[in-house]
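# Reading the structure
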Amino acid sequence: MDTTNFDKLEDVDHKGQEMENIQREEEVPTQQDAIQTDNKKVVPEFYNKAQKYWAEVPATVNGMLGGLGFISAIDIQGSKNFLREIKVPGKKLALDCGAGIGRVSRNLLMPLFETVDLVEQDAAFAEKARELCTGEGVRRSSLGEIYNLGLQEFSPSRKYDLIWSQWVLGHLTDRDLVAFFRRIQQGLQPGAYFCMKENVSATKLVIKDEEDSSVTRPLEFYERFLKEADFRIVRKVRQQNFPKGLFPVYMIACKSKQ
């Protein structure tokens, strides 16, 4: 949801002692945590807890970035450089997954694409995104559909020139993450890219944040899950110029193997 809780994101290289207090090897919750009752799936507590957490977060850039709103410009510039390097073939339609209040849609995707669709499960964030992405300085026709649901439930119904996902995949279970990768692959135009931008742990451990109900995975986990979903990784770059003490942030561009 273009949202990340930076409050506890201290890289072991900088604050190893603090990380020891929250870092431990975890098995990421899977959909086996869900149960069936009267033919209705009960949403795992992993998702419920995250939804409740973000419902209390202000719909502002500072809220989206865990109090570090000042890094937004650095983040957007890094993403622009990344997209310039991979040379996205089409410019008609893009999708912003976990869009939050539309920060990435407005500042990164809308200047590059004719139309941008958004996926965001929090209703207040989605409404703010509609406001931000149709406000002054933005082509009103740039905003396409806003899908108000979680990525674990989302399936694309259109073909996109680019699908972008940022700071949201840590809110998916392993099983749902691979399933999501497989579904969005079906929503890509031939030769189009899926790009993800995520925090990664500085060790081989999965770090669980109990407060916002998310996990920070090692980079290798994302690479393995993408390959499992039949994606081919084309480019992988670390975001530069973020403040010290944060998790490493990586951008990965991939294409379908099919």
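Scroll up to find the structure.
Residues numbered from 1 in each chain as written. Predicted model: local features only at pLDDT ≥ 70, side-chain atom pairs only at ≥ 80, totals over all residues. Heavy atoms only, no water.

### A closer look at helix α7 (residues 174-185)
Definition in use: Working definition: helices are DSSP H or I runs of at least four residues, strands are E runs of at least two. Numbering for both runs from the N terminus. To estimate how far a helix should extend, the number of its residues minus one is multiplied by 1.5 Å. Working definition: with a 1.4 Å probe on protein chains only, accessible area under 20% of the residue-type maximum means buried, over 50% means exposed, and in between means partly exposed.
For α7, spanning 12 residues, the distance from its first C-alpha to its last is 17 Å, which sits close to the expected 16 Å at 1.5 Å a residue. Where α7 is concerned, the buried positions are Asp-174, Asp-176, Leu-177, Val-178, Phe-180, Phe-181, Ile-184 and Gln-185.

### Overview of the environment of Glu-228
Just so we agree on the cut-off: Contacts are residue-level and defined by heavy atoms, with any inter-residue pair within 4.5 Å sufficient.
One can find Glu-228 in helix α8 (residues 219-228). Distance from Glu-228 to Ala-179, taken between C-alpha atoms, is 9.8 Å for residues 49 residues apart in sequence. Those residues in contact with Glu-228, other than ones at most four positions away along the chain, are Val-178 and Arg-182.

### A closer look at the state of the cysteines
To be explicit about the condition: A pair of sulfur atoms, both from cysteines and within 2.5 Å, is called a disulfide here.
Summed over the entire model, instances satisfying the criterion amount to zero disulfides. Free cysteine: Cys-195, not disulfide-bonded; nearest cysteine sulfur from Cys-254 at 7.0 Å. Classification of Cys-195 as buried rests on a relative accessible area of 0%.

### Side note on the pattern of salt bridges
Once their charged atoms are close, side chains differing in charge can pair, the charge on each being opposite to the other. Quick reminder of the rule: Salt bridges are identified by distance alone: a Lys or Arg side-chain nitrogen within 4 Å of an Asp or Glu carboxyl oxygen.
According to the stated counting rule, one finds nine salt bridges in the structure shown. Among the ionic pairs, Lys-197 bridges to Asp-75, the shortest N-O distance being 2.6 Å. Taken together, the residues span a long stretch of sequence, with Lys-197 in strand β7 (residues 188-199) and Asp-75 in helix α4 (residues 72-86) at a distance of 122 residues. Taken together, the shared-partner salt bridges connect Asp-75, Arg-103 and Lys-197 into one network.

### Some words on the sheet that holds strand β10 (residues 231-238)
Backbone hydrogen bonds are what pair the strands of a sheet, in a parallel or an antiparallel way. Heads up, the condition is: Whether two strands pair comes down to DSSP finding at least two bridges between them. Interaxial angles span 0 to 180 degrees and are taken between N-to-C directions of axes, which are lines fitted to C-alpha atoms, for helices over the stretch in contact.
Reading across from one edge, β5-β4-β3-β6-β7-β11-β10 is the order of the seven strands in this open sheet, with mixed pairing throughout. Every interior strand has two partners, whereas the edge strands, β5 (143-147) and β10, have only one. Across the sheet, the mean angle from the axis of one strand to that of its neighbour is 15 degrees, orientation sign disregarded. One ladder, built from seven bridges, connects β10 with strand β11 (residues 249-256); its direction is antiparallel. The residue of β11 that forms the bridge with Arg-235 is Ala-253.

### Focus: the packing of aromatic side chains
Using the following cut-off: Note on aromatic contacts: the rings of Phe and Tyr and the six-membered ring of Trp form a pair at centre separations within 6.5 Å, being stacked when their planes are under 30 degrees apart, edge-to-face when over 60 apart, and tilted otherwise. Criterion for a charge above a ring: Arg CZ or Lys NZ at most 6 Å from the ring centre, at most 35 degrees from the ring normal.
Under the definition given, this model contains 10 aromatic pairs. On the numbers, 4.9 Å between centres and 90 degrees between planes, the contact of Tyr-53 with Trp-54 is edge-to-face. One exposure class covers both Tyr-53 and Trp-54, and it is buried. Here the guanidinium or amino end of Lys-91 rests over the ring plane of Phe-113, the centre of that ring lying 5.7 Å away.

### Digging into unusual backbone geometry
Positive phi, close to 50 degrees, is recorded for Trp-167, a residue that is not glycine. Along the chain, Trp-167 falls in the loop between β6 (160-166) and α7. Residue classification places Trp-167 among the buried residues on the basis of a relative accessible area of 2%. The backbone of Asn-241 sits at a positive phi, close to 70 degrees, despite the residue not being glycine. Relative to the helices and strands, Asn-241 resides in the loop between β10 and β11.

### Examining the nonpolar core
As a reminder of what qualifies: Among buried residues, those of type Ala, Val, Leu, Ile, Met, Phe, Trp, Tyr and Cys that are joined through side-chain atoms within 4.5 Å constitute a nonpolar core.
Counting 46 residues, the largest nonpolar core has Leu-169, Phe-180, Phe-181, Phe-194 and Phe-231 as its most contacted members. For this core, the secondary structure elements donating two or more residues are α2 (45-55), β3 (93-97), β6, α7, β7, α8 and β11. Ranked by the residues each element gives to this core, the list is headed by α7, at five residues.

### Description of the pairing of β11
In terms of strand pairing, β7 meets β11 through six bridges, oriented antiparallel. Of the residues in β11, the one forming a bridge with Met-196 is Ile-252.

### Considering the pairing of strand β4 (residues 115-119)
Applied cut-off: For a crossover, the right-handed case is the one in which the path from the first strand over the helix to the second runs clockwise, viewed with the strands pointing away from the viewer.
In terms of residue burial, β4 counts as a mostly covered element, since four of its five residues are buried. Of the pairings in the sheet, the one linking β3 to β4 comprises five bridges and is parallel in character. Bridge assignment links Leu-95 to a residue of β4, and that residue is Asp-117. Inspection of the sheet shows β4 paired to β5 by three bridges, in the parallel sense. Across the sheet, the residue bridging to Val-119 is Tyr-147, located in β5. Handedness of the crossover joining β4 and β5 through helix α6 (residues 123-132) is recorded here as right-handed.

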